[in-house]
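The chain contents come next:
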Amino acid sequence: MIGTLRMYGVFTRKSFQRAAAYRFDAWTRILGNVMMLFMWGFVWYALYQGKGSVESVSFHSMLSYILVSQALQGIHGAGTPLWEIQERVRTGDIAMEMLRPYDYPLRMLFTDFGSIFFHFLTAVLPLYTVIFLVFSPAVPTTLGQGMLFIISAVLGYFIRYCIELTFGLFTFWLVETGGVEDIFYFSISLFSGSVVPLWFFPDWLEQVALYLPFQGIYFVPNSIFVGQLSGKALLIGLFTQVVWLVVCYAILRYVWAKASMKIVIQGG
Amino acid sequence: MQSWLRGIKMYFYMIGVSIRTQLQYRYAFVMNILGWAMTYAGTAITMWVLLYSFGAIEGWSFWELLFLFALSVLSWGVCVVLFFHFRTLDQFIIQGTFDRFLVRPIHPFFHFMAMKFDIGAFGQFLFSIVAVAMAYQRLGLHWNLWQWLVFLGAVIGGTLIQGGLLIAISAMAFWTTRSERFYWVVMWPAKSLMNYPLSIYPRMVQILVAFILPFAFVNYLPALLLLGKKSGIYPPYWGFFSILVGVLFFWLCFQLWMLGLNRYKSAGS
């Protein structure tokens, strides 16, 4: 058990070192992230012109929402992107991985940890600390709320990871992944509440979004952070995240098992 | 003159080859087009959701905002067809494969441009033409001849401005051996800014996109004219000048590319 963990730890360390070697890439990525933050900041500022609060959400809370949302997106963005997983399947590189004595989905997760740690420590954390100090938006007021936010954000991270890898593995069955990829990116940008929180959705669309796993990625942690989700609703939110994580993980495992069989059939 | 004619003939021959290559995979071809159309429709849906609770942004209703967005997607579509592969110039320089563009009897710029003719951009056309038509109808617009000319000018000017910027970004590869990164961290976010009315941004940014990287002439300024909107800062007739700004900016970017080309030293052995 300890030995296995240590082995996966090596992947994390190596990927951290690789990220450090290509730090130019990490820092240019944060530049794009900040430009998007800038855009959404002014879009929301303009939307709130002449309005106190909309759907009982003030601009102050909304500013906090987009700040924490962009910060989380910056962290998520440091992981292996969908197209890279697809590329590995398409080129057959993934077959080499399967020969090795480790579990591929787990290894990818630990590899992502490395680049995320690097990106978080050298780019996201310092930058967003400064931004938060400058704008002083709504932040968690109690330690408990802060802790719950972190738990929720971590759950959100795992949900996104499972979904993204599952979508990547679909490449085993599809020669061309164009459509699948677009469904993924569209869902993750709209239904996750990454840029527009679910409060502002029309009721029917909000209902749709609430029945999808994507809301657990950004919407739930962000809402906890700005204090829009508290008490019983907060616990329900966290519970939904856990349920979705279990479901998404089960689907990932199922798809992975099927995909492994597929390789065996085609190999030889 | 004759060499120009020959160059143009060769360009069409080469893009013919590129189109036939892409048509080999029918399913991929269709999915590529639908995928692009869906991506833009997704952004439009996000805008609709945003304005559902808020009504308007700086006095722009959803349909006006959609028109603004679709206008930039339309010229971006033309730009993708002709120039989008310029962002990958760094790969050719790093791998040393750029050399082959220098030894052929055709201008290297032309040759590189002719390498690909991305028909996936029909997805952009599909989205933007449907969106512009819907906005045109919903807003009850009736353009006269000169407004149609402004519209056409915005598409041509927008193509030249965005294409020029892509070329300038690709030229960076001659100095830094990087270009694709610059596209994703500079041009893509800057382009996204223009999906919303320019007037929501601080004055510094407005000056930047009006005079230095003239994105304002791609959609915002022509849209003011075409939708009959008033903006305190910009004289309404500025929208006429998209084509002029486009030609000038494209020429400058082309000069930069040629400057880089002259400086280029092969990485290959």
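Data block above holds the structure.
Below, the structure is looked at part by part. (Residues numbered from 1 in each chain as written. Chains lettered and ligands numbered in written order. Predicted model: local features only at pLDDT ≥ 70, side-chain atom pairs only at ≥ 80, totals over all residues. Heavy atoms only, no water.)

### Quick look at the overall build of chain B
Here is step 1: Looking only at helices and strands, chain B features eleven helices and zero strands.
Here is step 2: Ordering the α and β elements of chain B from the N terminus gives α-α-α-α-α-α-α-α-α-α-α.
Here is step 3: The C-alpha radius of gyration computed for chain B amounts to 19 Å, which stays within 12% of the reference 18 Å derived for 269 residues, consistent with globular compactness.
Here is step 4: The principal-axis extents of the C-alpha atoms in chain B amount to approximately 60 × 45 × 35 Å.
Here is step 5: Evaluated residue by residue, chain B yields a buried proportion of 56% over its 269 residues.
Here is step 6: Summarising the internal contacts of chain B: among those between residues at least 6 apart in sequence, 78% fall at separations of at least 24.
Here is step 7: Placing the 17 positive and 6 negative side-chain charges of chain B at their respective mean positions leaves the two points 7 Å apart. (Helix = DSSP H or I, 4+ residues; strand = E, 2+ residues; numbered from the N terminus. Rg over C-alpha atoms; globule rule 2.2 N^0.38 Å. Buried < 20%, exposed > 50% of the residue type's maximum accessible area, 1.4 Å probe, protein only. Contact = heavy atoms within 4.5 Å. Lys, Arg positive; Asp, Glu negative; His and termini not counted. Charge placed at Lys NZ, Arg CZ, Asp CG, Glu CD.)

### Focus: the pattern of salt bridges
Here is step 1: Tallied over the entire structure, the rule returns six salt bridges over all chains.
Here is step 2: R160 of chain A is paired through a salt bridge with E164 of chain A; the nearest N and O atoms lie 2.5 Å apart. Here the residue R160 of chain A and the residue E164 of chain A both occupy positions in helix α7 (residues 143–169), the gap between them amounting to four residues, near one helical turn. Taken individually, R160 of chain A and E164 of chain A each receive the classification buried, so the pair is uniform in this respect.
Here is step 3: Between E64 of chain B and K229 of chain B there is a salt bridge, and its shortest N-O distance comes to 3.0 Å. Taken as a pair, E64 of chain B in helix α3 (residues 62–83) and K229 of chain B in the loop between α10 (220–226) and α11 (242–263) lie far apart in primary sequence, 165 residues in all. (Salt bridge = Lys/Arg side-chain N within 4 Å of Asp/Glu carboxyl O.)

### Points about the state of the cysteines
Simply put, the disulfide is a covalent bond whose two ends are the sulfur atoms of two cysteines.
Residue and element names in this part refer to chain A.
Here is step 1: All chains considered together, the criterion is met by zero disulfides over all chains.
Here is step 2: Among the cysteines around C162, which has no disulfide bond, C248 carries the closest sulfur, lying 6.2 Å off.
Here is step 3: Judged by relative accessible area, which is 4%, C162 ranks as buried. (Disulfide = S-S within 2.5 Å.)

### What to know about the nonpolar core
Here is step 1: Judged by nonpolar contacts, the single largest core of 177 residues is most densely connected at W40, W44 and F200 of chain A together with I57, F98, Y196 and W257 of chain B.
Here is step 2: Here this core takes 16 residues from α3 of chain B, the largest share from any one element.
Here is step 3: Setting aside residues no more than four positions away along its own chain, F98 of chain B makes contact with L89, F92, I93, F112, F174, W257, L261 and Y264 of chain B. (Core = buried A, V, L, I, M, F, W, Y, C linked by side-chain atoms within 4.5 Å.)

### A word on the packing of aromatic side chains
Aromatic ring pairs are described here by two measures, namely the spacing of the ring centres and the angle between the planes.
Here is step 1: For the structure on display, the rule yields 71 aromatic pairs over all chains.
Here is step 2: With a centroid separation of 6.2 Å and 70 degrees between ring planes, the pair formed by F42 of chain A and Y201 of chain B is classed as edge-to-face. Of this pair, F42 of chain A sits in helix α2 (residues 23–47) while Y201 of chain B sits in the loop between α8 (180–193) and α9 (203–212), which puts the two residues in different chains.
Here is step 3: Using a relative accessible area of 23% as the deciding quantity, one classes F42 of chain A as partly exposed.
Here is step 4: Ring geometry for F101 of chain B versus F112 of chain B: centroids 5.1 Å apart, planes at 65 degrees, classification edge-to-face. Here the residue F101 of chain B occupies a position in the loop between α4 (89–95) and α5 (108–114), and F112 of chain B occupies one in helix α5, the gap between them amounting to eleven residues. Neither residue differs from the other here; F101 of chain B and F112 of chain B are each classed as buried.
Here is step 5: Clustering of aromatic rings is evident, with ring pairs tying together F83, F86, F92, F98, F101, F109, F112, F174, F250, F254, W257 and Y264 of chain B.
Here is step 6: Taking NZ or CZ as reference, K191 of chain B lies 4.1 Å from the ring centre of W76 of chain B, over its face. (Phe/Tyr/Trp six-rings, centres within 6.5 Å; stacked < 30°, edge-to-face > 60°. Lys NZ or Arg CZ within 6 Å of the ring centre and 35° of its normal.)

### Remarks on the interface of chain B and chain A
Here is step 1: Across the contact, 34 residues belong to chain B and 33 residues belong to chain A.
Here is step 2: The largest per-residue losses of area from chain B upon contact with chain A belong to V49, F54 and R181 of chain B, which jointly make up 21% of the total buried on that side.
Here is step 3: Inspection of the chain B/chain A interface yields zero salt bridges.
Here is step 4: Where chain B touches chain A, the interface holds four residue pairs in polar contact (both at pLDDT 80 or more).
Here is step 5: Among the secondary structure elements, those contributing two or more residues to the side of chain B that touches chain A are α2 (26–54) and α8 of chain B.
Here is step 6: Looking at which element gives the most residues to the side of chain B that touches chain A, the answer is α2 of chain B, with 17 residues. (Buried area = accessible area lost by both parts, 1.4 Å probe. Polar contact = N/O pair within 3.5 Å; in protein donor to acceptor, adjacent residues only side chain to side chain.)

### Things to note about the environment of N195 of chain B
Here is step 1: By the element assignment, N195 of chain B lies in the loop between α8 and α9.
Here is step 2: Each C-alpha atom, one on N195 of chain B and one on F67 of chain B, is 9.7 Å from the other, the two residues being 128 residues apart in sequence.

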